[in-house]
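So the chains spell out like this:
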Amino acid sequence: MAGSYTKKEFGVGTEEQTLLKDSNGTRIVPSKDCIKPSYNTFKVHIPTGTEPVRLSPGWEGTGRPDDELNFKGVTMDQADLELNPPRDRLNIVFCIMVLHGIGALMPWNMFITAKNYFVNYKLSMQYTGIETNYATNFLAYLGFAAQIPNLLFNWLNVFMQFGGNLTTRIVWGIFIQVLIFVCTVILAMTDSSGWPGAFFWITMVSVVILNTANGIYQNSVFGMVAKLPTKYTGAVVLGTNISGTFTALISVFAQYMAPNARTAAIYYFITALFILLACFDTYFALPINRFYRYRELLHQKGINKRQLENSARGKLDTPPYWKIFKQCFPQLFNTFFVFFVTLALFPSVQSDIQRSDPNFVVSEDYYSTVMCFLTFNITALIGSSIASLIHWPSKKYLMIPVVLRVLYIPLFLLCNYQPKGISRILPVYINNDWVYFVIAVTMGVTSGYFSSLSMMYCPRMVDSQYTATAGMFGAASLITGIFTGILFSMVMPSLVANVSFGLS
């Protein structure tokens, strides 16, 4: 709307609504050449006497609450945001959410990708001079140390909200992770050959603390992004898929550039520090962005409206957790089951699938790196990107393809899966590397695509004032799927060693 304001249009009448009164007698009324009144362009007239400021009854006719009609608690910035809704220019907020998605899974990806540093260097017999079982069971210990606190605090954070509001939880979550990575770098620089047992348990304790903070941070990020449009939840999931690819590439680059494993580990963990510091900085940059402030304003208005309604009814403003859980359950199950199937196969099963054709285009030395880590991370990234553009199937039918993904478990076991130290009884029925590659590609794409869809759908299953809680439920379901998938992956070697699936 466009218009201007002068003194002539309105006289003093009983139907006019007095909104505010300035001490200098400023009066704002629409000009006669203004066909449609506007409230974002004004000409101010200073009369000789002191008069109240008046607006047309048409403003009252918008059906807004009395407090809003009288500009109670409304700043000029908020009024400007509502009158001129901003867009996410250059997709800055979208990119920030992708960055936080990378940071959310950075600790887990960093430690599992650094397996060679821990197993073949710091805990190896060549470095310590003694034979220990620390290296043999390192990944098993690491999985429990990382995922149990992550799982526990993700769920507790939904109900208890450790550390106060979202800002406090996100800031402290990142800060603690930064401190732990600083300690990890110091340990990498320290000669621990004389105390491998102490090094192992210090590492495990640091992983517990790191993933406790990360569980709160990750859960809070999904709660924060649930206030934004659907595609921004997809941006966080996209970032989690980028995280694996980014970590693998940094690991390869650090090993290539560094003269030894110690220096490579220092470069590697310092990179994680820079990513987390970037997450820290960009979080504080969000309130500067007009688009983010506008979405926060809309979300807060919805909360305020519901609080007023609850106050009038004598109700407490406590989220109805059971109601939210029931409404979100289909998408919570989808999120859980996607990650359960994925983590049951990646990386434990997929990394132990051997090359069938000695003349295959990927050599034996790089087979696991290319066909497992790079293939999965890149295809999961592609799947998440597609989910930002296409939303199919709908919320109602998403569960069908998600459940069908369970077929990937027998498919991978029928490939040339050769777990170390296990005599395989189950025959290898898929001994073509290209067929296995196609199966791996589709598994990665569907993992990224369906996980993004379920996480985007989850906050839309509830009323707007409960979207943050729904987002945290979704994050907790994600971690639950990862944890149970890792546990189930330990059964896979026994399956191929003792079960033939009734095939001959």
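Heads up: these notes are all about the structure in this document. (Residues numbered from 1 in each chain as written. Predicted model: local features only at pLDDT ≥ 70, side-chain atom pairs only at ≥ 80, totals over all residues. Heavy atoms only, no water.)

**Focus on the environment of Ala264**
- Looking at where Ala264 falls in the secondary structure, it is placed in helix 11 (residues 261-285).
- We classify Ala264 as buried; its relative accessible area is 8%.
- Along the backbone, Ala264 and Ala114 are 150 residues apart, and their C-alpha atoms lie at a distance of 9.9 Å.
- For Ala264, the contacting residues outside a window of four places in its chain are Ala254, Gln255 and Ala258. (Helix = DSSP H or I, 4+ residues; strand = E, 2+ residues; numbered from the N terminus. Buried < 20%, exposed > 50% of the residue type's maximum accessible area, 1.4 Å probe, protein only. Contact = heavy atoms within 4.5 Å.)

**What about unusual backbone geometry?**
- Of the consecutive residues Phe346 and Pro347, the connecting peptide bond is found in the cis state with omega at 0 degrees.
- As for its placement among the helices and strands, Pro347 is situated in the loop between helix 13 (321-345) and helix 14 (364-387).
- Backbone torsion omega between Trp392 and Pro393 reads 0 degrees, so that peptide bond is classified as cis.
- Phi at Leu90 is positive, roughly 60 degrees, even though this residue is not glycine.
- For Leu90, the location among the structural elements is in the loop between helix 3 (76-83) and helix 4 (92-113).
- Given a relative accessible area of 77%, Leu90 falls into the exposed group.
- Here the phi dihedral of Asn91 falls at roughly 55 degrees; this positive angle occurs in a residue that is not glycine.

**Examining the pattern of salt bridges**
- Taken as a whole, this structure holds 2 salt bridges when the rule is applied.
- Put simply, Glu296 and Lys227 hold a salt bridge, and the shortest N to O gap is 3.3 Å. A residue pair is termed long-range when its members are at least 10 positions apart, and Glu296 in helix 12 (residues 290-313) and Lys227 in the loop between helix 9 (196-225) and helix 10 (230-257) qualify at 69 residues.
- Its relative accessible area of 28% is what places Glu296 among the partly exposed residues.
- Using a relative accessible area of 18% as the deciding quantity, one classes Lys227 as buried.
- The closest approach of N and O atoms between Glu364 and Arg355, which form a salt bridge, is 3.4 Å.
- According to the relative accessible area criterion, Glu364 is partly exposed, its value standing at 38%. (Salt bridge = Lys/Arg side-chain N within 4 Å of Asp/Glu carboxyl O.)

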